[in-house]
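Secondary and tertiary structure notes
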Amino acid sequence: GNTDSEHAFCWLMQELAKSHAGVPSVEELTLTLRELAPQLARHGTFNFMLSNGQALWAHASTNLWYVERRHPFVTAQLSDEDLEIDFAQHTTPHDRVAVVVTAPLTTNEEWTAFEPGELHVFVDGQRSGH
């Protein structure tokens, strides 16, 4: 890649490969990302999301927000359009969803802001304690 972001992502992938011979557990990868993210942050803004199919890691240099959706699902009002989405029509009582964005997408849901430098892990649609 040619951009700063592409270089940072390639560096991150390289460091992850050096740190783990095999496929790391969610806990191991979280520890490694907690060590690597501050090194990237020293070079400038670098929000990122990374997934291995089991978990989603999200790191905020600047603005990141998340919301967790679960049963009972609400009808969400989009913040930038006069449009509502009834998530109950598209989900089951067993579904859980975490959405990570740079700005809240809806006006009637409780979005949580990341603090600068914060790394969150989401597993099965909810924030994990890792």
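The notes below deal with the structure included here. (Residues numbered from 1 in each chain as written. Predicted model: local features only at pLDDT ≥ 70, side-chain atom pairs only at ≥ 80, totals over all residues. Heavy atoms only, no water.)

Bringing the pattern of salt bridges into the picture now. Oppositely charged side chains can pair when the atoms bearing their charge come close. Per the stated rule, a full pass over the model turns up 3 salt bridges. Linking arginine 70 and glutamate 68 is a salt bridge whose minimum nitrogen-to-oxygen distance equals 3.0 Å. A relative accessible area of 36% places arginine 70 in the partly exposed class. For glutamate 68, a relative accessible area of 25% puts it in the partly exposed group. As a salt-bridge pair, arginine 69 and glutamate 109 come within 2.7 Å of each other at their nearest N and O atoms. Here glutamate 109 lies in the loop between strand S6 (96-101) and strand S7 (112-113) and arginine 69 lies in strand S3 (residues 65-70), a separation of 40 residues in the sequence. For the pair arginine 69 and glutamate 109, one class covers both residues: buried. (Salt bridge = Lys/Arg side-chain N within 4 Å of Asp/Glu carboxyl O. Buried < 20%, exposed > 50% of the residue type's maximum accessible area, 1.4 Å probe, protein only. Helix = DSSP H or I, 4+ residues; strand = E, 2+ residues; numbered from the N terminus.)

Below, the discussion takes up helix H1 (residues 4-19). The terminal C-alpha atoms of H1 lie 22 Å apart, and with 16 residues this matches the ideal 22 Å at 1.5 Å per residue to within 8%. Within the sequence span of H1, burial applies to Ala8, Leu12, Glu15 and Leu16. Each buried residue of H1 lies within a common arc of 100° when the element is viewed along its axis, so the set occupies one face. Residues of H1 that are exposed and point over 90 degrees away from its buried face: Ala17 and Lys18. Of the surrounding elements, those touching the buried residues of H1 are helix H2 (26-41) and strand S1 (48-51). (Expected span 1.5 Å × (residues − 1). Arc of directions from axis to C-beta. Contact = heavy atoms within 4.5 Å.)

Membership of the largest hydrophobic core comes to 16 residues, with the highest contact counts inside it found for Leu12, Leu16, Leu33, Phe48 and Trp57. Mapped onto this core, the elements with two or more residues apiece are H1, H2, S1 and strand S8 (119-123). Counting residues per element, this core draws most heavily on H2, which supplies 6 residues. In contact with leucine 16, not counting residues within four places along its chain, are Leu29, Thr32, Leu33, Leu36 and Leu50. (Core = buried A, V, L, I, M, F, W, Y, C linked by side-chain atoms within 4.5 Å.)

Let's shift gears to the sheet that holds S7. With antiparallel pairing, 3 strands are arranged side by side in an open sheet as S6-S3-S7. The open sheet is flanked by S6 and S7, the only strands paired with a single partner. In terms of strand pairing, S3 meets S7 through 2 bridges, oriented antiparallel. If you follow tryptophan 65 over to S7, its bridge partner there is alanine 113. (Pairing = 2+ DSSP bridges.)

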